[in-house]
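These are the residues of each chain, in order.
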Amino acid sequence: MSEGDTLAAVDPAALDGIDPNRIPVHVGCVMDGNGRWATKRGLPRNEGHRAGEEALFDVVEGALALGIPWLTVYAFSTENWRRPPDEVRFLLNVISDSVLMRRRQELHERGVRIRIAGRRDWRVPKRVLRRMDDACELTKDNRRMTFTIAFNYGGRAEIVDAVRALVRERVAPNKIDERAIRRHLYWPDMPDLDLVVRTSGEYRISNFLLWELAYSELIFTDTLWPDFRRDNLYAAVREYQRRDRRFGALGEQDGDQDGERD
Ligand code: IPE
Ligand code: IPE
Ligand code: MG
């Protein structure tokens, strides 16, 4: 039995107004608005990134309380290298110092499996790569929740990398289908996203998990990421449960789908 299995299950108080049978399996967060949060307070942008850490761990707690089994957060995109070197360095360090070092034991004890999704290219410092490997190794047998950090991640890059792998394996064109591509994504066992929340009032995806969000419900909120807390996550899940997911078929309002309609 892994350590996570022994921990308390879902927190009933968190479930107020939430149907426990329709908890989203995979939730993604585009953690945006750190810079604006700091600027509004007359602080340097990096203070916003620092403040984002509290939001992140409160959301992890909230996801655990709801029993969400997969949580993926967008921490650093392949496009974020375009920022000034000082800010890039700070962003690399904030994730590496918090999730991968200071908080990893706590996450481990809560039964969280830490994973990284993204390119391991030369721009990511060796020290950060080492910490990623250590945190993933430490927590790899945990099953209560898989917490994936999209780091040096780009949705297009992920698809390009999958196609490259298929070509390298000389897979015949007629064998290339959606399943074959999925098998070559960074984490083939990661389910599609049910719900994506983006903070800070921006209505875009910014290259987050393009393949995996094909049928996600999208929720945009004006709250800046450092102000986001588990209650905001609960509100997003309530909103998600009000949506009618159709996947191209007919919705719940359209009558039964057992062929009894004429
Ligand atoms: C999100 O906050 C953090 C990352 C993109 C890494 P931002 O730094 O984008 O903050 P804003 O959007 O400039 O306010
Ligand atoms: C998206 O935020 C990336 C992350 C949250 C890591 P950005 O702030 O980089 O996105 P854009 O530039 O506003 O699209
Ligand atoms: Mg931003």
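In the block above lies the structure referred to throughout.
Let me begin by describing the structure that accompanies this report.

Reading guide: rules and limits
- Residues numbered from 1 in each chain as written.
- Chains lettered and ligands numbered in written order.
- Predicted model: local features only at pLDDT ≥ 70, side-chain atom pairs only at ≥ 80, totals over all residues.
- Heavy atoms only, no water.
- Near = heavy atom within 4 Å.
- Polar contact = N/O pair within 3.5 Å; in protein donor to acceptor, adjacent residues only side chain to side chain.
- Areas by Shrake-Rupley, 256 points an atom, 1.4 Å probe, with all protein chains shown as cover.
- Helix = DSSP H or I, 4+ residues; strand = E, 2+ residues; numbered from the N terminus.
- Nonpolar A, V, L, I, M, F, W, Y, C, P; charged D, E, K, R; others polar.
- Phe/Tyr/Trp six-rings, centres within 6.5 Å; stacked < 30°, edge-to-face > 60°.
- Buried < 20%, exposed > 50% of the residue type's maximum accessible area, 1.4 Å probe, protein only.
- Lys NZ or Arg CZ within 6 Å of the ring centre and 35° of its normal.
- Core = buried A, V, L, I, M, F, W, Y, C linked by side-chain atoms within 4.5 Å.
- Salt bridge = Lys/Arg side-chain N within 4 Å of Asp/Glu carboxyl O.

Focus: the site of ligand 2
Here is step 1: Within the structure, ligand 2 sits among Val30, Met31, Asp32, Tyr74, Ala75, Phe76, Ser77, Asn80, Arg83, Arg198, Arg204 and Ser206.
Here is step 2: Note that an oxygen atom of ligand 2 is positioned 2.8 Å from one of the side-chain N or O atoms of arginine 204.
Here is step 3: Against a free-state accessible area of 390 Å², the protein chains account for coverage of 78% of ligand 2.
Here is step 4: Ranked by the residues each element gives to the shell around ligand 2, the list is headed by strand E2 (residues 70-77), at four residues.
Here is step 5: Its residues assigned to classes, the shell around ligand 2 comprises five nonpolar, three polar and four charged.

Things to note about the site of ligand 1
Here is step 1: Residues in contact with ligand 1 amount to 13 residues; listed here are only the nearest, Asp32, Gly35, Arg36, Arg45 and Arg83.
Here is step 2: Contact distances for ligand 1 include 3.1 Å between an oxygen atom and a backbone N or O atom of asparagine 34.
Here is step 3: With respect to ligand 1, the backbone of arginine 36 contributes an N or O atom lying 2.8 Å from an oxygen atom.
Here is step 4: Considered on its own, ligand 1 offers 380 Å² of accessible surface; in the complex 87% of this is hidden by protein.
Here is step 5: Of all the elements in the fold, those that place two or more residues in the shell around ligand 1 are helix H1 (34-40), helix H2 (45-66) and helix H3 (85-102).
Here is step 6: When residues of the shell around ligand 1 are assigned to their parent elements, the largest contribution, three residues, is made by H1.
Here is step 7: Within the shell around ligand 1, the residues separate by chemical class into three nonpolar, five polar and five charged.

A closer look at the packing of aromatic side chains
Here is step 1: Enumeration over the complete set of coordinates arrives at eight aromatic pairs.
Here is step 2: Taken together, a centroid distance of 6.1 Å and an interplanar angle of 80 degrees make the contact between tyrosine 74 and tyrosine 153 edge-to-face. Of this pair, tyrosine 74 sits in strand E2 while tyrosine 153 sits in strand E4 (residues 145-153); the two residues are 79 residues apart in sequence, bridging distant segments of the chain.
Here is step 3: Judged by relative accessible area, which is 0%, tyrosine 153 ranks as buried.
Here is step 4: An angle of 15 degrees between the planes, with centres 5.2 Å apart, marks the rings of tryptophan 225 and phenylalanine 228 as stacked. Both residues of the pair, tryptophan 225 and phenylalanine 228, belong to the buried class.
Here is step 5: Here the aromatic residues Tyr74, Tyr153, Tyr186 and Phe208 are joined through ring pairs into a cluster of three or more.
Here is step 6: Positioned above the aromatic ring of phenylalanine 57 is the side chain of arginine 103, whose terminal nitrogen or guanidinium carbon lies 4.1 Å from the ring centre.
Here is step 7: Taking NZ or CZ as reference, arginine 123 lies 5.9 Å from the ring centre of tryptophan 122, over its face.

A few points about the nonpolar core
Here is step 1: If you look at the biggest cluster of nonpolar residues, it comprises 54 residues, and the most contacted ones within it are Leu66, Leu71, Val99, Phe147, Ile149 and Phe151.
Here is step 2: In this structure, Trp70, Tyr153, Met190 and Phe208 belong to the second largest nonpolar core, which totals twelve residues.

Some words on the pattern of salt bridges
Here is step 1: Counting across every chain of the model gives 29 salt bridges.
Here is step 2: Its salt-bridge partner being glutamate 202, residue arginine 204 comes within 3.4 Å of it at the nearest N-O pair.
Here is step 3: Here glutamate 239 and arginine 243 are joined by a salt bridge, their closest N and O atoms 2.8 Å apart.
Here is step 4: Each of Asp194, Glu217, Glu239, Arg242, Arg243 and Arg245 takes part in a single network of salt bridges with overlapping partners.

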